[in-house]
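# Summary of structural features
The chain contents come next:
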Amino acid sequence: MPRDTQRQRVYDWQSACIYPQVPDEEQNMTLDECRHLIGRICHRYGYKPNHEPNVFDGRGCRSALSHGGGVDLPRWSRKGWIVCHEMAHEIVSYYRQDWTWAAHGPQFARIFIDILVRFDGWTRGDLLASARTAGVKVATYNQCLPVPLRKKPSLARQENAQIGRASCRERV
């Protein structure tokens, strides 16, 4: 497995750009809502039926955790963007079982951004710009093969993104 050289940069980028954009009053999702979101993400990324990761309540965990086939989500971590982060890890391990991609490497960053745009209402251009400003390397779509990414979301998703999160460029 390659060294995870940009792990701290990814966490710093999330702290500077993503976390401040989440309203304080946003309620944590229930475990069933997390499972539903994870099911939608798995469907979008071509998981075989009955191969979705198990979702656990995270008792005894201090942080959200993906462990290749399972996701632990303590109550405090049941926010859309955190579920998206853990699912990016799951997708990397699902498609690259040879561990040739770093856990928070450029491919992870591309997949994470793609999931945030499609499922949590973020704007792709703002996320890409802020990630690059923060020094997070983001892979191209071709560097993420065989993960089935599409370059352009549907019109409905674009409209969804426009009413979603505010710009995060000024945060970094």
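Summary of the structure given here. (Residues numbered from 1 in each chain as written. Predicted model: local features only at pLDDT ≥ 70, side-chain atom pairs only at ≥ 80, totals over all residues. Heavy atoms only, no water.)

Right, let's talk about the packing of aromatic side chains for a bit. For any pair of aromatic rings, the description rests on two quantities: the centre-to-centre distance and the angle between the ring planes. The final tally for this structure, using the stated rule, is 5 aromatic pairs. Pairing Trp-13 with Phe-112 gives two aromatic rings, centres 5.9 Å apart and planes at 90°, and the pair type is edge-to-face. Taken together, the residues span a long stretch of sequence, with Trp-13 in helix α1 (residues 7-18) and Phe-112 in helix α4 (residues 106-120) at a distance of 99 residues. For the pair formed by Trp-13 and Phe-112, the shared burial category is buried. Ring geometry for Tyr-94 and Tyr-95: centres 5.0 Å apart, planes at 80°, overall edge-to-face. Linked through ring pairs, Trp-13, Phe-108 and Phe-112 together constitute an aromatic cluster. (Phe/Tyr/Trp six-rings, centres within 6.5 Å; stacked < 30°, edge-to-face > 60°. Helix = DSSP H or I, 4+ residues; strand = E, 2+ residues; numbered from the N terminus. Buried < 20%, exposed > 50% of the residue type's maximum accessible area, 1.4 Å probe, protein only.)

Another aspect to go through is the environment of Ile-38. Looking at where Ile-38 falls in the secondary structure, it is placed in helix α2 (residues 31-44). Overall, Ile-38 belongs to the buried group, its relative accessible area being 2%. In sequence terms Ile-38 and Val-83 are 45 residues apart; their C-alpha atoms lie 7.5 Å from each other.

Remark: helix α3 (residues 80-95) packs on α4, axes separated minimally by 9 Å, with the N-to-C direction vectors making an angle of 135°. Between α3 and α4, the interaxial angle falls into the category oblique. For the pair α3 and α4, the crossing hand works out as right-handed. Residues Gly-80, Trp-81, Cys-84, His-85, Met-87, Ala-88, His-89, Ile-91 and Val-92 of α3 form the contact with α4, whose own contacting residues are Phe-108, Ile-111, Phe-112, Ile-115, Leu-116 and Asp-120. Looking at the contact of α3 with α4 residue by residue, the classes come out as 11 nonpolar, 3 polar and 1 charged. (Axes fitted to C-alpha atoms, helices over the stretch in contact; angles between N-to-C directions. Parallel < 35°, antiparallel > 145°, perpendicular 65-115°, else oblique. Left-handed = near helix turned anticlockwise from the far one by under 90°. Contact = heavy atoms within 4.5 Å. Nonpolar A, V, L, I, M, F, W, Y, C, P; charged D, E, K, R; others polar.)

Among the residues of helix α5 (residues 124-133), those classed as buried are Arg-124, Asp-126, Leu-127, Leu-128, Ser-130 and Ala-131. Residues of α5 that are buried sit in contact with α1 and α4. A positive phi of about 85° marks Gly-135, the residue just after α5.

This next bit is on the nonpolar core. Trp-13, Ile-18, Ile-91, Ile-111, Ile-115 and Leu-127 are the most contacted members of the largest nonpolar core, which totals 49 residues. Considering every element that reaches this core, the biggest residue donor is α3, with 10 residues. Residues contacting Ile-18, with those up to four places away along its chain left out, are Trp-13, Trp-81, Phe-112, Leu-116, Trp-122 and Leu-127. (Core = buried A, V, L, I, M, F, W, Y, C linked by side-chain atoms within 4.5 Å.)

Okay, α1 next. Between its terminal C-alpha atoms α1 stretches 15 Å, which fits the 16 Å expected from 12 residues at 1.5 Å a residue. Three or more residues of α1 are buried, namely Val-10, Trp-13, Gln-14, Cys-17 and Ile-18. Buried residues along α1 cover an arc of 100° about the axis, so they all sit on one side. Of the surrounding elements, those touching the buried residues of α1 are α3, α4 and α5. (Expected span 1.5 Å × (residues − 1). Arc of directions from axis to C-beta.)

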